[in-house]
Amino acid sequence: MTYTARDEWEKHFSDGRGFRQVGERERELLAEHTPVPGGGGRALDVGCGTGELAACLASLGYTVDACDFADSALARAREEHADVEGVRWLHLDIERDDPAPLHEEGYDLITLRRMYPFVQDRGRVLHGLGERLRDGGALVVITPVAETTPEERRKIALDEDEIAVLVAGWKTVERLDADNLAVLVLRGPCHADSRAVEKRPTTAHALTGALAIVTDEAGRVLLGRSRRGMLELPGGKTRGPEDFAAAAVRELAEETGLVADPADAYVVTMLVDDSHGIPRLTAVVRITAWTGTLTNPEADKFDRWEFLDLHALACVGDVFVPAALAIDSVWPGVISDLPSVVSYPLAADRPSVPGEPGEAVRLRQAMAQTVIDGGWAPSEPVRDALRTVPRHRFAPEANLAAAYDGGDRAVITRRDETGTAISSVSAAWLQADMLESLRLRPSAIVFEAGSGGYNAELIAHVAGRDGRVVSVDIDPWVVRRTRAFLTEAGSGRVTAVEADAPLGAPAHLVPRGGFDGSMITYNCWDISPAWREQLAEGGRLVLPLEMGGYTRAIAFERRGEVLHAHRFTYCGFVRDQGQQARPAPVVTLLDGALALRFDDGAAADTEGLEEALRGRRHEVATGVTMGAANSYFGSLQLYAATTLAGFCRLAAHQESAEAVTGIAKHRDAPAIIGGSSLAYLIHVQTKDGDSPQGKEWEWVVRAFGEQGPALAERLVATVLAWDRHIRAEANDQHADPVLTVHPAGTPDHALPAGDVLEKAHCRLVFRWPGRDAVLPRPVERPVADVVAEGV
């Protein structure tokens, strides 16, 4: 039996044939080496056929999902094992179908009995199944081996080289024997970190060649496992006057049996490096269309060819250096720790390349629905963008579940040397909310700062066919990556530019009259004059603005030289890396256990404060409480930060700080310092219960030092005012201030009444409900009256 087509298997099972019966030794080994976990376990039998192994697993105590792509096999399984309980029969092609029917919480045991040799994309399938194992779970492959299989049936068996590839990367491997069948019990990580490796040295004076980048209908990339024990792309040396594109097409046919038209082959990058000191020039050729059936004509050079998921390329073991570099030129970031190379990207005018699995479509619809149900995407254009733009194509290093998470998860795509995130694909709900705030009309031209591609494509989708987006980023790697992904999966309506965003868009890309909308996608301490100046009258600027150290995504509308705020959304983004980046002054206390952070303005004098912290602690209850369903207090943070002069934040950096202040490590609290005294605001639990609804917390002010009681009363008054005028029972209904932003240098008499927060390039005026209007004045930082709040 060396079938490859589904109809052959359908006929096989409908004719009453099957596989070798599950032997007693197999049953004993499964019971001994994969016992059911305490409390019950869940198993997945892949390629279950007529269901004999699935029934065996159920008899051991497992709840079983048994899947096969042949309807005739499943029909027999249901009939022959009708009396077996705890088995769910699933019609599923594990290689090609959306795995939606599989159990979301994973499995304790996954079995592949006598079916692994029939799998085409073995590495991809095994990796995907390994990701579904629960902690401590096992994947068991039961297979004939070539050594004990007659030569005419060797295709249904595995040789030792293939078994070595199969078990590579697993933490523990047990190889057992059951009546001439190899029983491989695999546990632990299902991958090995990718590593770019070279072949043996060459005797040539120079090397030139072409590598083909080919993807299937699901967007997976074609790679071959060579006899050298590494993954390689189709390709090889050029012949005589042959051009690079033609060489790639020829090598693709010779090595894999796939046929491409040279008109569909685009040389996208030239790579220059060396192989053992020999200069090497490699052309990366993107092939956008092909026909044929994948085969292995050069079996002496390759074990097999298969299509691999992009997110799995970080853990596939050894990859030939030119292949790894070529993949990185098309999908930057999917393989890390690459050797240095000189790259010459070519401005090849090639079409975007479609391709995604059905699972991506399903998860994208589910993500969009989660965002819609949350109220973040009320308009149909934004809803359609969420349902349509392939988010995973702009974060290929993430698996589909992570890429399409509908909650608060952002996909981190770049970190600095300290591990801090500096580039990401933001949470979908927040992207939708900010996009809604732009209120774009068809044909809008939009400026985006902080590139990546996906958010820009959402904007372009809403702006429509005649719309356009100019996306800038200061990081060359991010821009290169964005351009690559836009070419692969974009609409052609986004232009990515390397620039420092506060300088605005290059002049030749700014439309006459200004941009219809602008969106900044990183935390901004200040508002650049260029963003206002390049914005059309009545246009909207949406950005995450830091105020007193707290970030809100705010939609501003331009009216002349003034920006008027329309809505505030609690959020957090990566930090600014450009010329407007501002490290906040920090004063450490108690040997670094505590820190005061002054996010707006200079640090206050803290002399004598450490001595006060070692003294008696004063405490005042505010009487203001909150329950589990009404725990959001971001508006209290912002209210205090913008109405109390000299606001700063108190943060605990060590566990010892909690014993002194009651603030847990890595948490913070609003505080006021004055002279050698300190007061700060925390919440303490006052009621407990079996359910969240029965729990309650109260806002409490704690203080140290001689002036502590007086400072505490000021914080209490602030909380009471917030509770009376700002707070609402529904977390999303807290009152926002009226906020206007004026250019720096605007005289006081030209400002409206309100609390003024000074930035380098602008003056922010806040008018909160219930607060008596105050004359505009710069925020002062008197030593005796400074407020802080934690991170």
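Up top is the structure.
A quick note: this is a predicted structure, and the numbers were derived from the prediction, not measured. (Residues numbered from 1 in each chain as written. Predicted model: local features only at pLDDT ≥ 70, side-chain atom pairs only at ≥ 80, totals over all residues. Heavy atoms only, no water.)

Peer 1: Tell me about helix H6 (residues 160-167), and name the residues and values.
Peer 2: Of all the residues in H6, the buried ones are Glu162, Ile163, Leu166 and Val167. Take H6 and look down its axis: the buried residues cluster within an arc of 130°, on one side only. Contact partners of the buried residues in H6: helix H5 (122-130), strand E5 (133-144), strand E6 (172-178), strand E7 (181-187) and strand E15 (302-308). Count one or two residues on from H6 and you reach glycine 169, which has phi positive near 95°. (Buried < 20%, exposed > 50% of the residue type's maximum accessible area, 1.4 Å probe, protein only. Helix = DSSP H or I, 4+ residues; strand = E, 2+ residues; numbered from the N terminus. Arc of directions from axis to C-beta. Contact = heavy atoms within 4.5 Å.)

Peer 1: Describe the packing of aromatic side chains, with residues and values.
Peer 2: Tallied over the full model, the rule gives nine aromatic pairs. Aromatic pair tryptophan 290 and phenylalanine 307: ring centres 5.9 Å apart, planes at 15°, arrangement stacked. With tryptophan 290 in the loop between strand E14 (278-287) and E15 and phenylalanine 307 in strand E15, the pair connects residues that are 17 residues apart, well separated along the chain. Its relative accessible area of 25% is what places tryptophan 290 among the partly exposed residues. The buried category is assigned to phenylalanine 307, whose relative accessible area is 7%. Aromatic side chains phenylalanine 447 and phenylalanine 515 sit 5.6 Å apart centroid to centroid with 40° between the ring planes, which places their arrangement in the tilted category. Separated by 68 residues along the polypeptide, phenylalanine 447 in strand E20 (residues 445-449) and phenylalanine 515 in strand E23 (residues 515-520) bring together distant segments of the chain. (Phe/Tyr/Trp six-rings, centres within 6.5 Å; stacked < 30°, edge-to-face > 60°.)

Peer 1: Would you mind going over the packing of helix H1 (residues 6-14) against helix H4 (residues 71-80) in detail, with residue names and values included?
Peer 2: The N-to-C vectors of H1 and H4 enclose an angle of 30°; their axes lie 7 Å apart at closest approach. When the axis of H1 is compared with that of H4, the two are roughly parallel. Each of Trp9, Glu10, Phe13 and Ser14 in H1 lies in contact with H4, whose residues at this interface are Asp71, Ser72, Ala73 and Arg76. Of the residues in the contact of H1 with H4, the class split is three nonpolar, two polar and three charged. (Axes fitted to C-alpha atoms, helices over the stretch in contact; angles between N-to-C directions. Parallel < 35°, antiparallel > 145°, perpendicular 65-115°, else oblique. Nonpolar A, V, L, I, M, F, W, Y, C, P; charged D, E, K, R; others polar.)

Peer 1: I'd like to hear about helix H13 (residues 454-463), residue by residue, with values.
Peer 2: Taking burial as the measure, the 10 residues of H13 include nine buried ones, the bulk of the element. Along H13, the residues classified as buried are Tyr454, Asn455, Ala456, Glu457, Leu458, Ile459, Ala460, Val462 and Ala463. Glycine 464 sits one or two residues past H13 and shows a positive phi near 90°.

Peer 1: Give me the lowdown on the sheet that holds strand E22 (residues 494-498), citing residues and values where you can.
Peer 2: Pairing between the strands of a sheet is mediated by backbone hydrogen bonds and can be parallel or antiparallel. Reading across from one edge, E22-E21-E20-E23-E24-E25-E26-E34-E36-E35 is the order of the 10 strands in this open sheet, with mixed pairing throughout. The open sheet has two edge strands, E22 and strand E35 (755-758), and neither has a second partner. Pairwise comparison of adjacent strand axes, ignoring direction, gives a mean angle of 25° for this sheet. Bridge count between E20 and strand E21 (residues 468-473): five bridges; the pairing is parallel. Across the sheet, alanine 449 pairs through a bridge with valine 472, a residue of E21. (Pairing = 2+ DSSP bridges.)

Peer 1: Report on the pairing of strand E26 (residues 562-570), specifying residues and quantitative values.
Peer 2: Two elements, strand E25 (residues 550-559) and E26, share eight bridges in a ladder whose sense is antiparallel. Bridge assignment links arginine 558 to a residue of E26, and that residue is leucine 563. When E26 meets strand E34 (residues 738-743), the two strands line up antiparallel, connected through two bridges. Its bridge partner lying in E34, leucine 563 is registered against valine 741.

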